[in-house]
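# Structural characterization, general
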Amino acid sequence: MMIDKRLINTVEDSKKWIAATVLWNWLALVGSIVTAVTFAWCLHQAFEQTLSLTSAVIFFIVLVAALSLRVFAGKMAGKASYYASTHVKHKLRTLIYQKLASMPLNQVNQQSTSSLVQIASEGVEQIEIYFGRYLPQLFYSLLAPLTLFLFLVFFSAPTALVLLVCVPLIPISIIAVNKIAKRLLAKYWAIYVGLGSSFLDNLQGLVTLKIYQDDDYKAKQMDIEAEHFRKITMKVLTMQLNSVSLMDLLAYGGAAIGILTALLQFQAGHLTVFAVILFILLSSEFFIPLRLLGSFFHVAMNGKAASDKIFTLLDTPITQTQAESAVNFDEKNNIQITLQNLHFAYSAEKNAINGLNLTIHPHQLTVFVGKSGCGKSTLVSLLMGFNHAQQGQILFNGKNSSDLHRTSFYQQICLVSHSSYIFKGSLRENMLMAQINASDEQIYQALSQVNLADFVRENGGLDMPLLSRGNNLSGGQIQRLALARALLHDASCYIFDEATSNIDVESEEIILQFIHQLKAEKTIVMISHRLANAVQADKIYVLDNGQLVEQGTHSQLMEKQGLYTEMFNQQKALENIRTGANYA
Ligand SMILES: Nc1ncnc2c1ncn2[C@@H]1O[C@H](COP(=O)(O)OP(=O)(O)OP(=O)(O)O)[C@@H](O)[C@H]1O
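Residues numbered from 1 in each chain as written. Predicted model: local features only at pLDDT ≥ 70, side-chain atom pairs only at ≥ 80, totals over all residues.

If you check an unreviewed UniProt entry, the chain appears there as ATP-binding cassette subfamily C protein from Lonepinella koalarum. Taken verbatim from the UniProt record of the chain, the Subcellular location (unreviewed entry) comment is "Cell membrane". (UniProt positions renumbered as here; feature names shortened; annotations may be inferred.)

Here is the structure:
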């Protein structure tokens, strides 16, 4: 019961420490038995009026030794229990991390952040108790009554038998509670994770909620969810308290029955004073270990529910795995990308990318344009390997993208998107993730290329603290910093996905100028909804409904008077209306 073999085998190291905890607890029990025997013998002699000073001193010495053994063994059991649980957290969190790291990005994004956080934090803490307290106690509580029985049976077989027979009442009550607890705890976790998820969602969207004055409504929804959570928590607590009361009743009731039997045996002349006292002192020891097991049981149940969730995550099949035969991609600075009959669909109804055949040449700026929803971002996710084409292939210098080892691939192909992430920490830390060995000088060089070096120097240098998402920087500074980080990475091919959207004109100009300089050495792909950014491109591909409908330079496409011309003129007219200025 309640032995999760898979969980135990997952944390192999813990087995020996669980065994050690049981052994030390058992030695503490031996100490208790010796203490009881000494005490009972001393009382017996006093009752018979045969207690001498010498035997009293001997009793005292044995008593102190037995008590010392008990205390020492108890301490050692505590230590072993700590070691039994110490690797659990690290091991399980590592497994969770490795699983997430091995998933393709699109699959990781499908996982609920709050659920992952709850499982990896509180769930893992509870599993720690399962290993450190519950499992050793489970084995010890089987061993302790048997040891006591084998010892006490020599003094009174019927009394020892009565005590032994009463012991299983506690595990039977635990099994009965287990049935209810299992259902209740599965429900509790589902509500807990749901509440966490809503809380995180509302917190992240708080500004939007405030703008639309919708925070009251969401607060009410959260109240309802919190009330559900309160109710289920109270149910769990009531179930736990009731089962604790039941176990108390069985433990103390069982001990009382044992003592009563011993007294009746004494009255009938079958027991000595020594034996009666021994039974009075040791009866409760039959039940205390199982009673304690009952208290750990509820936390262990919670840990078990959490471990089920962890294993569900660990068992999630990975949608795309890197083939073992994957080859390194170590070609530098002359990357040509070829798309052959590329098809991709998010669902069966509609293709997001529909039979693309085209080539992206090195030392050129290639721009993809098209109306909203035409498939530009989907194409980026296919180029980066975040999603995989259902038909056709993408070749990097003739090598199939899916055959290329991801680490070396990402060394050469770098994405700068409109949502590049800035981590909480120093500016230097954020830059070093692109090139771990970069010197301060190299970092400043990259920063100065995007006009950020002076700003950084004036604000504490490379140790300048950055908030999560770069919340203490402007939008333009975040994008320029993301570009500087990408430059430091020194990739061979850069893909800019709306990298200049929603930023100030000055930053946009700096970034665009730099992109144009960069193409002398690298392969540059740009996705932009602003067609003005495509005017100087070497090649423009126009997408519509996932298909390539036009291609050429700006002037060639303008001559065609097709979709590109239509979109360009529309944007030009709109910008003229807004600014009243002439458009290039
Ligand atoms: N995760 C997704 N699940 C299902 N459909 C999606 C998903 N992402 C995009 N789509 C659909 O795929 C099509 C192409 O979307 P995509 O984001 O690639 O367009 P886009 O050209 O980048 O648009 P925009 O310029 O507005 O960003 C759209 O019809 C869109 O609704």
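Next, the rest of the story.
## Examining helix H7 (residues 169-204)
The end-to-end C-alpha distance of H7 is 51 Å, a good match for the 52 Å that 36 residues give at a rise of 1.5 Å each. Approximately 30° is the largest bend angle found in H7, and it occurs at Ala 181. Considered for burial, the residues of H7 that qualify are Ile 170, Pro 171, Ile 174, Val 177, Ala 181, Leu 185, Trp 189 and Tyr 192. Looking at the packing, one finds that the buried side of H7 touches helix H5 (113-152), helix H9 (215-267) and helix H10 (273-315). (Helix = DSSP H or I, 4+ residues; strand = E, 2+ residues; numbered from the N terminus. Expected span 1.5 Å × (residues − 1). Bend = angle between axes of the 7 residues up to and from the residue. Buried ≥ 20, exposed ≤ 12 C-beta atoms within 10 Å, placed from the backbone. Contact = placed C-beta atoms within 7 Å.)

## Quick notes on the pairing of strand E3 (residues 365-370)
Counted residue by residue, E3 has 6 buried out of 6 residues, so it is predominantly covered. The side-chain alternation of E3 yields two buried faces, one formed by Leu 365, Val 367 and Val 369 and the other by Thr 366, Phe 368 and Gly 370. Pairing of E3 with strand E10 (residues 523-527), which is carried by 4 bridges, proceeds in the parallel orientation. Along E10, the bridge assignment pairs Thr 366 with Val 525. As defined by bridge partners, E3 adjoins strand E11 (residues 539-544) across 5 bridges and the pair is classed as parallel. In the sheet register, Val 369 faces E11, and the bridge partner there is Val 542. (Pairing = 2+ DSSP bridges.)

## Describing the sheet that holds strand E2 (residues 353-360)
With respect to topology, 4 strands assemble into an open sheet ordered E2-E1-E4-E5, the strand pairing being antiparallel. At either margin of the open sheet sits one strand with a lone partner, and together these are E2 and strand E5 (399-400). As defined by bridge partners, strand E1 (residues 337-344) adjoins E2 across 6 bridges and the pair is classed as antiparallel. Looking across to E2, one finds that Phe 344 is bridged to Ile 353.

## Let's talk about the packing of helix H6 (residues 157-166) against H9
Running from N to C, H6 and H9 cross one another at 170°; their axes reach a closest spacing of 9 Å. The orientation of H6 with respect to H9, classified from their angle, is roughly antiparallel. Crossing handedness for the pair H6 and H9: right-handed. Taken together, the residues of H9 that come into contact with H6 (itself represented by Pro 158, Thr 159, Val 162, Leu 163 and Cys 166) are Gly 254, Ile 257, Gly 258, Thr 261, Ala 262 and Gln 265. (Axes fitted to C-alpha atoms, helices over the stretch in contact; angles between N-to-C directions. Parallel < 35°, antiparallel > 145°, perpendicular 65-115°, else oblique. Left-handed = near helix turned anticlockwise from the far one by under 90°.)

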